[in-house]
Amino acid sequence: MSQIQEAQVLDALRPIIDPDFGKSIVDLGFIKELRVEGEHVSFAIELTTPACPVKSEFERQAKERVAALPGVAEVSVTMTAQTRGGAVGPEREALPHVKNVLAVASGKGGVGKSTTAINLALSLKAAGARVGILDADVYGPSLPLLLGVNQRPVTVEKGGRKSIVPLDAQGLKVMSMGFFITDDSPVIWRGPMVHGLIGQFLTDVAWGELDYLVIDLPPGTGDAALTLTQKAPISGAVIVTTANDLSVIDARKGLKMFEKVDVPVLGIIENMAYFVPPDLPDRKYHIFGEGGGKRVAEELGVAFLGEVPIDTRVVEGGDTGQPIVVHAPDSDVARAFASIAGTVARKLAVLASDGPKVADANITWVS
Ligand code: ADP
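First things first, this report covers the structure right here in the doc. Please read these numbers as outputs of a predicted model, since none were measured by experiment.

Here's the deal with helix α3 (residues 113–126)
- Helix length check: α3 (14 residues) gives 20 Å between terminal C-alpha atoms against 20 Å at 1.5 Å per residue, within 8%.
- In terms of residue burial, α3 counts as a mostly covered element, since 12 of its 14 residues are buried.
- Where α3 is concerned, the buried positions are Lys113, Ser114, Thr115, Thr116, Ala117, Ile118, Asn119, Leu120, Ala121, Leu122, Ser123 and Leu124.
- Phi turns positive one or two residues past the end of α3, at Gly128, with a value near 110 degrees.

Printed below as a string of structure tokens:
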């Protein structure tokens, strides 16, 4: 039997369509290092984000299709990712080595914005991405507590330029206002000082190469949040809300804020959406009502990214520096965050790829 040709392998793979791009993985150039050695075929599939939720499905289909070709005895598939970068706008040069900046916003405090930011960051990291997190919540920096790190970062000097070295916590690069504010910092100079620091956090922190920088924004749409959205080269934003605080007005304000600075809103996340009692795993209580997050998203014409249940382990882990994604990775909450992180990563990849495809991917630009 004549040896299998590379073109035959590509033809076999061509029907595999990336749902985000609506195109074949072959035409998208995802197939790399294709080799045919006798009856052995090997290749890599290079995705646009390591957090791709259809990763294993692609791998399964690719193996199956190539193995079905006559003359193929063995197929080796390596799954890799080259995260696409999409930070846009005039501030792009502020973070040249950061591929994507994801802002996590909320209309009000206390809805789980910081919890969401940290767990999305850790989910992206667990998928294999290089991730940093910037706690820009000037009113209540909570990352030091949530991640169990609190020390003053060191400053290094290179080529006459000073930069702050982010702390490392659970594999994330972390920077927080909290590392610089002491309990006895006079409240009166806290405001201006923290605003100055935020600017520095973007330009003077040695973030290094990152696939994603997650920014935990200050709550609401006041000055602090607005300043940040203007200063940072944000690729996309998510808005966190809760079922008992499903204020369309607040969410709309958030959308308007991002609209002003041309930042695409990737969608809405409903936190604390329902409760499943640990001793009654078949029951699901929508304590604050059902489907509200979805309705608000529909009303505002943005994507609904998913709901995250209530779990007391989120609170316990928050107090001990053990985020639930690390502490209880099999919990429904951790799974929800992982799934939302995957969706967000895909949306960012599509955004980064090029303009016209954005509409196909159902990503909302507020205009
Ligand atoms: P924000 O950043 O919006 O102010 P936090 O992330 O600090 O909110 O969360 C507020 C409180 O709610 C914290 O005590 C946190 O542990 C708790 N919390 C957040 N999400 C959940 C959840 N899904 N289940 C249970 N408690 C949660």
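Next, the rest of the story.
So, the sheet that holds strand β15 (residues 304–307)
- Strand order in the open sheet formed by eight strands is β10-β11-β7-β12-β6-β13-β14-β15, and the pairing between neighbours is mixed. Only two strands of the sheet have a single neighbouring strand rather than two, namely β10 (167–169) and β15. Neighbouring strand axes in the sheet, compared pairwise and without regard to direction, differ in orientation by 25 degrees on average.
- In terms of strand pairing, strand β6 (residues 98–106) meets strand β12 (residues 210–216) through six bridges, oriented parallel. In the strand pairing of β12, Val104 is matched with Asp216.
- Across the sheet, α3 is in contact with β6, β7 (131–135), β11 (172–176), β12, β13 (236–242) and β14 (265–271); its angle to β12 comes to roughly 170 degrees.
- Sheet strands touched by helix α8 (residues 292–300): β14 and β15. Its angle to β14, the strand with the most contacts, is close to 155 degrees.

Considering helix α2 (residues 55–67)
- When the terminal C-alpha atoms of α2 are compared, their 18 Å separation across 13 residues agrees well with the 18 Å that a helix rising 1.5 Å per residue should span.
- Three or more residues of α2 are buried, namely Phe58, Ala62 and Val66. The buried residues of α2 occupy one face: seen down the axis, they fall within an arc of 45 degrees.
- Next to the buried residues of α2 lie α1 (6–13), β1 (17–18), β4 (40–47) and β5 (74–81).

Regarding the site of the ligand
- Taken together, 14 residues are adjacent to the ligand, and Gly110, Lys113, Ser114, Thr115 and Pro309 come closest.
- Pro309 is positioned such that a nitrogen or oxygen atom in its backbone is 2.9 Å from a nitrogen atom of the ligand.
- At a separation of 3.0 Å, a nitrogen atom of the ligand approaches a polar backbone atom of Asp311.
- Surface burial for the ligand is 79%, taken as the share of its 560 Å² of free accessible area covered by protein chains.
- When atoms are counted within 2 Å of each cavity's grid points, the one that captures over half of the ligand is the largest pocket.
- Those elements giving two or more residues to the shell around the ligand turn out to be α3 and α9 (312–320).

Quick word on the side chain of Lys113
- Tracing the sequence through the fold places Lys113 in helix α3.
- Setting aside residues up to four positions removed in sequence, Lys113 forms contacts with Val104, Ala105, Ser106, Asp137, Asp216, Leu217, Pro218, Pro219 and Val240.

Notes on the pattern of salt bridges
- Throughout the structure, instances matching the rule amount to 12 salt bridges.
- The partner of Lys99 in a salt bridge is Asp211, and the shortest N-O contact between them spans 3.9 Å. Here the residue Lys99 occupies a position in strand β6, and Asp211 occupies one in strand β12, the gap between them amounting to 112 residues.
- Judged by its relative accessible area of 18%, Lys99 falls in the buried class.
- The class of Asp211 is buried, set by a relative accessible area of 6%.
- Salt-bridge contacts for Arg161 lead to Asp204; the nearest nitrogen and oxygen are separated by 3.5 Å. In this pair, Arg161 sits in strand β9 (residues 161–164) while Asp204 sits in the loop between α5 (187–203) and β12, placing the two residues 43 residues apart along the sequence.

Scoring rules and cut-offs
- Residues numbered from 1 in each chain as written.
- Predicted model: local features only at pLDDT ≥ 70, side-chain atom pairs only at ≥ 80, totals over all residues.
- Heavy atoms only, no water.
- Helix = DSSP H or I, 4+ residues; strand = E, 2+ residues; numbered from the N terminus.
- Expected span 1.5 Å × (residues − 1).
- Buried < 20%, exposed > 50% of the residue type's maximum accessible area, 1.4 Å probe, protein only.
- Pairing = 2+ DSSP bridges.
- Axes fitted to C-alpha atoms, helices over the stretch in contact; angles between N-to-C directions.
- Contact = heavy atoms within 4.5 Å.
- Arc of directions from axis to C-beta.
- Near = heavy atom within 4 Å.
- Polar contact = N/O pair within 3.5 Å; in protein donor to acceptor, adjacent residues only side chain to side chain.
- Areas by Shrake-Rupley, 256 points an atom, 1.4 Å probe, with all protein chains shown as cover.
- 1 Å grid on protein atoms, 1.4 Å probe; cavity = no way out; pocket = protein on both sides within 12 Å on 5 of 7 lines; lining within 4 Å.
- Sits in = over half its atoms within 2 Å of the grid points.
- Salt bridge = Lys/Arg side-chain N within 4 Å of Asp/Glu carboxyl O.

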